[in-house]
Protein chains: 2
Amino acid sequence: MNAPSRRKFRREGEERRRQDLIEATLDSVAEHGLQGASLRTIALRAGVTAGLIRHYFPGKEELLQEAYTTLVERMTEQAKAALAMEDASPRKRLAAFVSANLNAPIIDARVFSLWATFIGRASADPALAQAHREGYLGFRDEVEAVVAEVLAAEQRKVETSQLRHHAIAINAIIDGLWIEGCLAGEMFSPGELAAIGIRAVEAELGLVPEQDPEKPQTSRRKLMRLAQKGESG
Amino acid sequence: MNAPSRRKFRREGEERRRQDLIEATLDSVAEHGLQGASLRTIALRAGVTAGLIRHYFPGKEELLQEAYTTLVERMTEQAKAALAMEDASPRKRLAAFVSANLNAPIIDARVFSLWATFIGRASADPALAQAHREGYLGFRDEVEAVVAEVLAAEQRKVETSQLRHHAIAINAIIDGLWIEGCLAGEMFSPGELAAIGIRAVEAELGLVPEQDPEKPQTSRRKLMRLAQKGESG
DNA sequence: GGCCTTGTTGTGCAAGTGTATAAATAGCTT
DNA sequence: AAGCTATTTATACACTTGCACAACAAGGCC
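Here, residues in each chain are numbered from 1, in the same order as that chain's written sequence. Think of it this way: whatever chain is written first is A, whatever ligand is written first is 1, and the rest follow in order. Given that the model is predicted, a residue must reach a pLDDT of at least 70 before its local features are reported, and side-chain atom pairs must reach 80 or more before they are shown or counted; all residues, however, enter totals for whole chains, interfaces and linings. Side-chain numbers here rest on the full set of heavy atoms in the structure, without hydrogens or water.

Asks: Any chance you could break down the protein's contact with DNA strand D for me, citing the residues and the numbers?
Replies: The near set for a molecule or strand comprises every residue that places at least one heavy atom within 4 Å of it. Around DNA strand D sit 26 residues in total, of which Arg11 and Arg54 of chain A together with Arg6, Arg17 and Tyr56 of chain B are the nearest. Protein-adjacent atoms of DNA strand D, using a 4 Å cutoff, are sugar or phosphate at a proportion of 62%. Any pair of nitrogen or oxygen atoms within 3.5 Å is treated as a polar contact; in protein, a donor-acceptor pairing is required on top of that, and neighbouring residues in sequence qualify only through side-chain atoms on both sides. Ser38 of chain A places a polar side-chain atom, nitrogen or oxygen, 3.3 Å from a phosphate oxygen of DNA strand D. Counting only elements with at least two residues in the surface near DNA strand D, the list comes to helix H2 (39-46) of chain A together with helix H3 (53-56) of chain B. Partitioning the surface near DNA strand D into residue classes produces seven nonpolar, five polar and 14 charged. Here a helix means four or more residues in a row that DSSP labels H or I, a strand means two or more in a row labelled E, and each is numbered from the N terminus. In this classification, Asp, Glu, Lys and Arg are treated as charged, Ala, Val, Leu, Ile, Met, Phe, Trp, Tyr, Cys and Pro as nonpolar, and every other residue, Gly included, as polar.

Asks: Give me the lowdown on the layout of surface pockets, citing residues and values where you can.
Replies: Both site types are read off a 1 Å grid over the protein atoms alone. A 1.4 Å probe that fits but cannot get out defines a cavity, while an open set with protein on both sides within 12 Å along at least five of seven lines defines a pocket; lining residues have an atom within 4 Å of a point. Grid points are joined across faces, edges and corners, and a volume is the space filled by probe spheres set on the points. When its volume is computed, the second largest pocket comes out at roughly 620 Å³. Taken together, 31 residues line the second largest pocket, and the ones lying closest to its centre are Met75, Thr76, Trp115, Asp175 and Trp178 of chain B. Of all the elements in the fold, those that place two or more residues in the lining of the second largest pocket are helix H8 (160-183) of chain A together with helix H4 (60-81), helix H6 (109-119), helix H7 (126-153) and helix H8 (160-183) of chain B. Per element, the largest residue contribution to the lining of the second largest pocket is eight residues, and it comes from H4 of chain B. Taken together, the residues that form the lining of the second largest pocket break down as 19 nonpolar, six polar and six charged.

Asks: Requested: an account of the environment of Asp27 of chain B, with residues and values cited.
Replies: All names here are of chain B. Structurally, Asp27 can be placed in helix H1 (residues 14-36). Distance in space between the C-alpha atoms of Asp27 and Leu114 is 8.8 Å, their sequence separation being 87 residues. Dropping the residues within four chain positions of it, Asp27 is found in contact with Arg45 and Arg110. A distance of 2.8 Å separates polar atoms of two side chains, one belonging to Asp27 and the other to Arg110. We call two residues in contact when some of their heavy atoms are within 4.5 Å.

Asks: I'd like a rundown of the packing of helix H6 (residues 109-119) of chain A against H8 of chain A, residues and numbers included.
Replies: All names here are of chain A. Under this scheme, a helix contributes an axis fitted over its contacting stretch, all axes are lines through C-alpha atoms, and angles between N-to-C directions fall in the 0 to 180 degree range. Contact geometry for H6 and H8: axes closest at 8 Å, N-to-C directions at 120 degrees. On the basis of the axis angle, H6 is oblique to H8. H8 is crossed by H6, and the crossing has left-handed handedness. Facing H6, whose interface residues are Ala109, Val111, Phe112 and Trp115, H8 presents Trp178, Ile179, Cys182 and Leu183. Its residues assigned to classes, the contact of H6 with H8 shows eight nonpolar, no polar and no charged. Our angle categories are set so that under 35 degrees counts as roughly parallel, over 145 as roughly antiparallel, 65 to 115 as roughly perpendicular, and the remainder as oblique. Crossings are assigned a handedness: left-handed for a near helix turned anticlockwise from the far helix by less than a right angle, right-handed for a clockwise turn.

Asks: Just give me the short version of the nonpolar core, but keep the residues and values in it.
Replies: Residues belong to one nonpolar core when they are buried, are Ala, Val, Leu, Ile, Met, Phe, Trp, Tyr or Cys, and are joined through side-chain atoms within 4.5 Å. Burial here depends on accessible area, computed with a 1.4 Å probe over protein chains only, as a share of the maximum for the residue type. Under 20% is buried, over 50% is exposed, and the range in between is partly exposed. With 136 residues, the main nonpolar core has Trp178 of chain A together with Trp178 of chain B as its most contacted residues. When sequence neighbours within four positions are dropped, the list of residues in contact with Trp178 of chain A reads Met75, Asn101, Leu102, Ile106, Ile107, Val111, Phe112 and Trp115 of chain A.

Asks: Quick one: what's the story with the relation of the copies chain B and chain A, residue by residue and with numbers?
Replies: Least squares is the method used to superpose the copies, on C-alpha atoms of residues holding a pLDDT of at least 70 in both. For the pair chain B and chain A, the best superposition has an RMSD of 0.1 Å and corresponds to a rotation of 180 degrees with a translation of 0.0 Å parallel to the axis. Look at the turn and shift together and you get a two-fold axis relating the two. A high fraction, 100%, of the interface residues of chain B reappear at the interface in chain A, so the copies pair face to face through one surface.

Asks: Could you give an account of the protein's contact with DNA strand C, with specific residues and numbers?
Replies: Residues in close proximity to DNA strand C total 25 residues, the closest being Arg6, Arg11 and Arg17 of chain A together with Arg11 and Arg54 of chain B. Between DNA strand C and Tyr56 of chain A, the relevant distance is 2.6 Å, taken from a phosphate oxygen to a side-chain nitrogen or oxygen of the residue. The contact in question runs from a phosphate oxygen of DNA strand C to an N or O atom on the side chain of Arg54 of chain B, over 2.4 Å. At the level of secondary structure, the elements contributing two or more residues to the surface near DNA strand C comprise helix H3 (53-56) of chain A together with helix H2 (39-46) of chain B. The residue makeup of the surface near DNA strand C, split by class, is six nonpolar, five polar and 14 charged.

Asks: Tell me what's going on with the packing of H8 of chain A against helix H9 (residues 192-204) of chain B, and back it up with residues and numbers.
Replies: For the pair H8 of chain A and H9 of chain B, interaxial distance at closest approach is 10 Å and the crossing angle is 75 degrees. If you check the angle between H8 of chain A and H9 of chain B, you find them roughly perpendicular. On H9 of chain B, the residues touching Arg164, His165, Ile168 and Ala169 of chain A of H8 of chain A are Glu192, Leu193, Ile196, Arg199 and Ala200 of chain B.

Asks: Tell me about the packing of aromatic side chains, and name the residues and values.
Replies: Each aromatic ring pair is characterised by the separation of its centres together with the angle its planes make. Residue and element names in this part refer to chain A. The criterion for an aromatic pair is that two Phe, Tyr or Trp rings (for Trp, the six-membered ring) have centres within 6.5 Å, with stacked assigned to planes under 30 degrees apart, edge-to-face to planes over 60 apart and tilted to the rest. Under the counting rule described, the total for this entry stands at ten aromatic pairs over all chains. A ring pair is formed by Tyr68 and Phe118, whose centres lie 5.0 Å apart and whose planes are at 40 degrees; its orientation type is tilted. Linking Tyr68 in helix H4 (residues 60-81) with Phe118 in helix H6, this pair joins segments that are 50 residues apart in sequence. The class for Phe118 is buried, based on a relative accessible area of 2%.

Asks: Outline the interface of chain B and chain A, listing residues and values.
Replies: Facing 65 residues of chain B, the contacting portion of chain A comprises 65 residues. Two parts placed together each lose some accessible area under a 1.4 Å probe, and the buried area is that loss summed for both. A buried area of about 5200 Å², summed over both sides, lies between chain B and chain A, and 59% of it is on carbon and sulfur atoms. Salt bridges are counted wherever a side-chain nitrogen of Lys or Arg sits within 4 Å of a carboxyl oxygen of Asp or Glu. There are four salt bridges connecting chain B and chain A. For Arg164 of chain A, the salt bridge is made with Glu192 of chain B, and the minimal N-O distance between the two is 2.5 Å. Connecting chain B to chain A are 20 residue pairs in polar contact (both at pLDDT 80 or more). Of all the secondary-structure elements, those providing two or more residues to the side of chain B that touches chain A are H1, H6, H7, H8, H9 and helix H10 (216-232) of chain B. When residues in the side of chain B that touches chain A are grouped by element, the largest group, 13 residues, is from H8 of chain B. In terms of residue class, the side of chain B that touches chain A is built from 31 nonpolar, 15 polar and 19 charged.

Structure follows, in structure tokens:
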């Protein structure tokens, strides 16, 4: 009779369990920060007991590192996916890329919380720092590639240093707007951030605003004034 | 003889002690994150014993909140200080503002680590979220004010919604570059980030690039091409 | 069915946590 | 010099933490 009644359990495949544990870790960190993400909390969320974690990970630190790596991969992968449209014009692809990065699901409070929590430790933890840098540089390279295509399509030649500067600036625009959207999404109407971002990116590249059929004179006048000032200076 | 030899101590003024404890808290968080910032660690750093903290703060949470408030105040204050130059032209002031935000001491790994650590908890902690929002909106209002001055000096009229969009975009540019500089300062040559930022901001506002005495034709040609495209579109 | 491997649970432990509170003493007041 | 008071130390406590390990049972294999 009242045998200690051990908890029933199922044996899951290794890959599945590891992924569940990583997901539970990310959930815990997003909700309660690194301090609130204890092995017991994580295990509870994953539907297992704490001891099991040690069977898949050498220690807590390794679990957190794998969780962060997973997060970075997921973020960059999602972001780059927006560049996949092969057929569209470079300019349209760039706009789609910016737009995708400034809407759900990339604009997301949970992901931002995770990003900030981990990145805050980057200056103290070389492993985190490197994981970030790789993700960042990969992202920037993608940006630089599209920018090069856009400028080529506009038949404009720029030096490589200028290209790099464009990529850095555009990356900053996207990052900055991403943060604002994640932290205070309700302050912006739907699509507003994307519109701001696209306009800012195109301004950075010196692209002529697309003709607005409503009032085409505006941009024409603006351009004339620009040219005039150029002559006089 | 061997009396238990209690530790010697000095009585400091309340203001001084509170400030020391807050500074020790910020140091601890910057170095080891929220998880590593225990009362004992903080007290050790401040040169007191842990029990004393309870004499100045109701609990750990309140100490952390005051520390974060202090941090935000310090950051926004420093940033706004760059706008103080009353005599310069609006455009020069804007450039100086951008430049100040993209150089030391505002570009600083420790401050960034603190910012990220705390902001990562903002979506879960309403108090942190509000502290951030107030600081952010204050900053953006400053940006918007300078932008308005700059555009007025250029005799350009823009709607208030457009003004807001400019401020949001410029804010994003500064934030994004600030992050890049804090996380990977050594990837940029001195002044490079500021140069990128100023150019991006001026492009956002549609300001004509300042005439480069070395090769003035370049920008003139560029402007002519811009104007031409405007005519044809 | 019975066995074996190993994924999984449960318990134990030392170290560390925030909080509470008693004891001591620094420095002002008189 | 003596006394007071409030700052500061020190200790206690209940609780959590990461980690180690022994016991167990799930599910494949023969």
